[in-house]
Amino acid sequence: MKLLRYFKKSLVRKITLGLTTMIVLVVTMTVAILYVLQRQRIDGAVINAAGKMRYNSQRMAKGLFLVALGSTEGRHEVTGAIADFDSLYRLLSQGSAQQGISPPSARVGPQMEKIGIIWTEIREGYKVLLNEDVSRIQSAVASPEVQRFGASPASSSTPAGRAFTVVRERNVDLLNEADAAVLLFEHEALQKVDTLITSIGIVLLLYFFAFAAIVKGVRKSLKPVGDLRDALHRVADGDRDISLQTAAPDEIGELSQAFNFMTRRLRSNQEEISRLLQAVDLSASPIFLTDSKGTILFANKALQETTGYTKNELMGKNPRIFKSGKNDPGVYRQLWEAITRGTV
């Protein structure tokens, strides 16, 4: 409550608070947008790495087929695919602070653990195959127990045959689990984007609500300024009975109070002048008032009765109108000098 009263007491503080609120919301929205763009970049890198991991599982399957044919190119293909897959798996399963990639979430983590178990078996199988001669691999692959898909690795009598069976069977599982991991990463990225977009939407709503509240508050605070302007015009037109009603405790309220004080003083002065003019008008002695140029501004009833001129005939005229020729010219000269000095 004290803080609210603190801002209510000053229009400048209100405007400062409004502008500060707007700046904070704009900065918050900018930071949120930048964060969304950064997250999209990181999530894109994660999805890309998962896709490459799936691709390298396909490369290993292709290399296995070439190794079975005795191709040297197949060995190079398998070696490169193993190195790339292992690097990508460690990146996705452990994260990278340098690249801004976090370890997998509770939803993706179990899937990466499945891939890790399969990958360990496949890597050991490839290690055996890559250390065997081409002739032994071909001989093992040609055996009936290895040729049969779905055969148990134990059905083969040679290390190369058992390793080939493990790699062939588990490579299919690895490809399927890598596909599942890509889908999970994509779904998680979309959820993050939806959450962030919702957050930005909320910030935008707060921004517009705050903007509307600030505009309304400023208009409400500045309305007394318009009332004060209209009141001043009325005072200039001669209205002295006007007063402003405002309970604002800020600078506008102080101006309104000063205006009301001014109009009270003007009314008081006007009443005093009216009483004085009334007294002069009722005086038994002829009295008239002029400006410094000698133009008659006021003439009381006694003067009108004495000279025979009406008030309308005297207003705006020069005192020469009173010269009858009966008095010494020096009298009129002294009277004129007094008028020009402002002593009459």
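Quick caveat, the model's predicted, so the values are computed rather than measured.

Asker: Residue-level account of helix H4 (residues 109-130), with values.
Answerer: With 22 residues, H4 ought to run about 32 Å at 1.5 Å a step, and its terminal C-alpha atoms sit 31 Å apart, in line with that. Within H4, the full set of buried residues consists of Gly109, Gln111, Met112, Ile115, Gly116, Ile118, Trp119, Ile122, Gly125, Tyr126 and Leu129.

Asker: Describe in detail a nonpolar patch on the surface, supporting the description with residues and values.
Answerer: Taken together, the side chains of Ile273, Leu277, Leu289 and Leu297 present a nonpolar region at the surface, about 350 Å² in accessible area. The topology assignment puts Ile273 in helix H8 (residues 251-281).

Asker: Please set out the pairing of strand S2 (residues 296-299) residue by residue, giving values where relevant.
Answerer: As judged from the 3 bridges shared by strand S1 (residues 288-290) and S2, these two strands associate in the antiparallel manner. Within the sheet, the bridge partner assigned to Phe288 lies in S2 and is Ala299. Linkage of S1 to S2, two consecutive antiparallel strands, is achieved through a turn of 5 residues, within which Gly294 is found at a positive phi near 90°.

Asker: Can you explain helix H3 (residues 72-94)? Please cite residues and give values.
Answerer: In a regular helix each residue adds 1.5 Å, so 23 residues correspond to 33 Å; H3 covers 33 Å between its end C-alpha atoms and thus fits that length. For H3, every residue scored as buried is listed here: Gly74, Arg75, Glu77, Val78, Ala81, Ile82, Phe85, Asp86, Leu88, Tyr89, Leu91 and Leu92. Backbone geometry just after H3 places Gly95 at a positive phi near 85°.

Asker: Account for the nonpolar core, with residues named and values stated.
Answerer: Ranked by size, the top nonpolar core spans 34 residues in total, and within it Met112 and Tyr126 carry the most contacts. Elements that contribute at least two residues to this core include exactly helix H2 (11-68), H3, H4 and helix H7 (159-236). Not counting residues up to four positions away in its chain, the partners in contact with Met112 are Met53, Tyr89, Leu92, Ser93, Pro104, Ala181 and Phe185.

Asker: Quick one: what's the story with the packing of H3 against H4, residue by residue and with numbers?
Answerer: One way to put it is that H3 packs onto H4 with a least axis distance of 11 Å and a crossing angle of 155°. In terms of their interaxial angle, H3 and H4 are classed as roughly antiparallel. Crossing of H3 over H4 shows left-handed handedness. Across the interface between the two elements, Arg75, Val78, Thr79, Ile82, Phe85, Asp86, Tyr89, Leu92 and Ser93 of H3 pack against Met112, Ile115, Gly116, Trp119, Arg123, Tyr126, Leu129 and Leu130 of H4. Residue composition of the contact of H3 with H4, by class: 11 nonpolar, 3 polar and 3 charged.

Each value, and the rule that gives it
Residues numbered from 1 in each chain as written. Predicted model: local features only at pLDDT ≥ 70, side-chain atom pairs only at ≥ 80, totals over all residues. Heavy atoms only, no water. Helix = DSSP H or I, 4+ residues; strand = E, 2+ residues; numbered from the N terminus. Expected span 1.5 Å × (residues − 1). Buried < 20%, exposed > 50% of the residue type's maximum accessible area, 1.4 Å probe, protein only. Patch = residues over 30% accessible without salt bridge, like charges linked within 9 Å, V, L, I, M, F, W, Y side chains within 5 Å. Areas by Shrake-Rupley, 256 points an atom, 1.4 Å probe, with all protein chains shown as cover. Salt bridge = Lys/Arg side-chain N within 4 Å of Asp/Glu carboxyl O. Pairing = 2+ DSSP bridges. Core = buried A, V, L, I, M, F, W, Y, C linked by side-chain atoms within 4.5 Å. Contact = heavy atoms within 4.5 Å. Axes fitted to C-alpha atoms, helices over the stretch in contact; angles between N-to-C directions. Parallel < 35°, antiparallel > 145°, perpendicular 65-115°, else oblique. Left-handed = near helix turned anticlockwise from the far one by under 90°. Nonpolar A, V, L, I, M, F, W, Y, C, P; charged D, E, K, R; others polar.

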